[in-house]
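Structural description and commentary
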Amino acid sequence: MSSSQKAPLKIAKPFARSDGGLTIYLMDASPGLFGGDLQTIICRIGCNSSLYLTNQSSCKIHPSHTQELSLQMQTFYIENGALFEYIPEPIVPYEGSRYEGATTLYMQTGGSAIIGEILTPGRIGRGEVFLFRKFQSTFSVYWDEQCMVWDTLVIEPMRISNRLIMGTFTHVGTLYVLSEMMNESHVVAIRKVLDSIVGIDVYAGCSALQKNGMIVRMLGNHAWRLQEVMRECHMHIRKIIFGLEAIDIRK
Amino acid sequence: MDQAMLPLLQLADSSFPTGAFSHSFGLETALSEGTITSASDLHAWLEGFIVGSFATMEASAVYFSHSLLSDHIQDWNEIEYIDTWKEPITLLDLRMTLSKLARESRIGSVKIGRQYVRMGMQLYPDAHLQIYDQLIQSGSCFGNAAIAHGWVCSYLGVSAETAILTHLYTSVNALIQNAVRAAPIGQTQGQHILSSLFLHMEQVTSHTIAQPPAFLHLANAAILHEIQAMRHETLYSRLFMS
């Protein structure tokens, strides 16, 4: 493994897992992203290697007096036979903040990835609910340089009422699974998982992507609950598609 | 007299055979799961769809397609420099299609788009929709009704504003007609809802014209509608294909 970093981001010492993969925690020594900040994460997962990437705590998005955007660019290259799992902690946009994020995956034939994202409406405990200005997250996947997934989620609470687009829910979660091994039976299996653990507090759906993948999208009212549902789906996918046991990531 | 009025009425008519009336894009799930039980619920659902999805996706696609062709074609009898606008059309088509994350919505949108292109080629052979059709046949494009509509409107000399507005009207009207067919919402109520949404359609259109988003910056916000569209795949009883 080779790595380089620039403060305030730090790559913690990796952990080798019993299943042969590596687990890496990204640490952020700053209080989060401020307006005008740009955070860049680039990672290449080489042939036949396996990486579980996560971070220590939620990504806090602060406002800026200059109305500048907080930018986050994440680019991942997944080579043949590699498995990349990236489940960061939820994003918490503070009052008045503006966020634009782009996550791009370049998949080589034979590569696989499981990516999760959870958006909260703000610091609910202090009554900060949908007071951010803009949240925009673009997720795209290129299979052998051909764009096959293009998902841009944009939430601007001052322009569009959250009730109209999210109903009574406040949190959004998305899990993307990308693999040539994926087929319709896996979508059916994940629907069963969702049916078994989702109550009235989570509203979820899943569907096959245009090529080599599936998306699970969910709405809820608590980050921990969406994390729980996401984890169940994730671990089930690990087992039925990749034949891997569930792993526990300690935090 | 506005030369394009009758062609526009024809394109926006519910009998124009694009197949849009076979798709609910998640509305049937909302009706079936009991999220929509009244006319006001339906109104709110459609409002969410208009501001969360149509405004940012469909309206932008009509606008971009219309302006790309209007900017590059001075004379429809002499089409030149195809390459300068073929590439952005291809990218627009790709993103419009892939952005529909529910499989049935994606397939439905492509079917409607291709049917629109076929009809457009027959009615307006000089509009050069053959170019779009060839891109679809060769696998470079999927086919999208918003793009085809912007294209035909550009050919007809219709303004971008009218092009967007007619596309919004057609899409919303199709959904309302489907709700009338699928649920205990009467035709009269349906018409009331449609006319009460005119203001939203006009606002979305004016906003798109006044502040066109950066090219290809399409975005979706209708999360609830999208999940409903995904859940339609396993709905117990289905009247519609999506």
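Definitions and cut-offs
- Here the residue numbering is sequential within each chain, running from 1 through the sequence in written order.
- Just so you know, chain letters begin at A and ligand numbers begin at 1, following the order they were written in.
- Predicted model: local features are reported for residues with pLDDT of at least 70 only, side-chain atom pairs are reported and counted for 80 or more only, and whole-chain, interface and lining totals are derived from all residues.
- Excluding hydrogens and water, the side-chain figures rest on all heavy atoms present in the structure.
- UniProt positions are given in the numbering used here, feature names are shortened, and annotations may be inferred rather than shown by experiment.
- Helix and strand assignments come from DSSP, with helices taken as H or I runs of at least 4 residues and strands as E runs of at least 2, each series counted from the N terminus.
- Here a residue-residue contact requires only that any non-hydrogen atoms of the pair lie within 4.5 Å.
- For every residue, the accessible area obtained with a 1.4 Å probe (protein chains only) is divided by the maximum for its type, and the residue is called buried under 20%, exposed over 50%, and partly exposed between those limits.
- By this definition, two strands are paired if DSSP reports at least two bridges between them.
- Definition used for salt bridges: Asp or Glu carboxyl oxygen within 4 Å of a side-chain nitrogen of Lys or Arg.
- Of the two site types, the cavity is a set of points on a 1 Å grid over the protein atoms alone where a 1.4 Å probe fits but cannot get out, and the pocket is an open set with protein on both sides within 12 Å along at least five of seven lines, each lined by residues with an atom within 4 Å of a point.
- Grid points are joined across faces, edges and corners, and a volume is the space filled by probe spheres set on the points.
- Charged means Asp, Glu, Lys or Arg here, nonpolar means Ala, Val, Leu, Ile, Met, Phe, Trp, Tyr, Cys or Pro, and polar covers whatever is left, Gly included.

Looking up chain B in an unreviewed UniProt entry gives the name Urease accessory protein UreF, with the organism given as Sulfoacidibacillus ferrooxidans. In its Sequence similarities (unreviewed entry) section, UniProt records this for chain B: "Belongs to the UreF family."

Let us now look at the side chain of E79 of chain A. With respect to the helices and strands, the residue E79 of chain A is situated in the loop between β7 (70-78) and β8 (83-86). Ignoring anything within four residues of it in the chain, the contact list for E79 of chain A reads R44, I45, G46, C47, Q108 and G111 of chain A.

Here we take up the pairing of strand β15 (residues 202-208) of chain A. Residue and element names in this part refer to chain A. For β15, the buried fraction is high: seven of the seven residues fall into the buried class. The side-chain alternation of β15 yields two buried faces, one formed by V202, A204, C206 and A208 and the other by Y203, G205 and S207. Bridging between β15 and strand β16 (residues 213-220) involves seven bridges; their strand directions are antiparallel. Within β16, the residue paired with Y203 across the bridge is L219. Here β15 folds back onto β16, and the loop between the two strands holds four residues, one of which, N212, carries a positive phi near 50°.

All right, on to the pattern of salt bridges then. Residue and element names in this part refer to chain A. Per the stated rule, a full pass over the model turns up 17 salt bridges over all chains. Note that E89 is salt-bridged to K251, the shortest N-O span being 2.7 Å. Of this pair, E89 sits in the loop between β8 and β9 (91-93) while K251 sits in the segment after α3 (223-242), placing them 162 residues apart in sequence. For E89, a relative accessible area of 19% corresponds to the buried category. Accessibility expressed as a relative area gives 56% for K251, which makes it exposed. The salt bridge partner of E156 is R159, with a shortest N-O separation of 3.2 Å. Taking relative accessible area as the criterion, E156 reaches 22% and is therefore assigned partly exposed.

So, on to empty space enclosed by the protein. The probe, sized like a water molecule, is rolled over the atoms to show the empty space still left. Residues and elements named next belong to chain B. Enumeration according to the criterion identifies two cavities of 30 Å³ or more in this entry. By volume, the largest cavity is sized at about 620 Å³. Forming the walls of the largest cavity are 39 residues, and the residues nearest its centre are F25, F54, E58, K100 and S171. Secondary-structure elements contributing two or more residues to the lining of the largest cavity are α1 (5-12), α3 (39-72), α5 (103-123), α7 (145-156), α8 (160-182) and α11 (223-231). Counting residues per element, the lining of the largest cavity draws most heavily on α8, which supplies six residues. Each residue belonging to the lining of the largest cavity can be placed in one class, and the counts come to 19 nonpolar, 16 polar and four charged.

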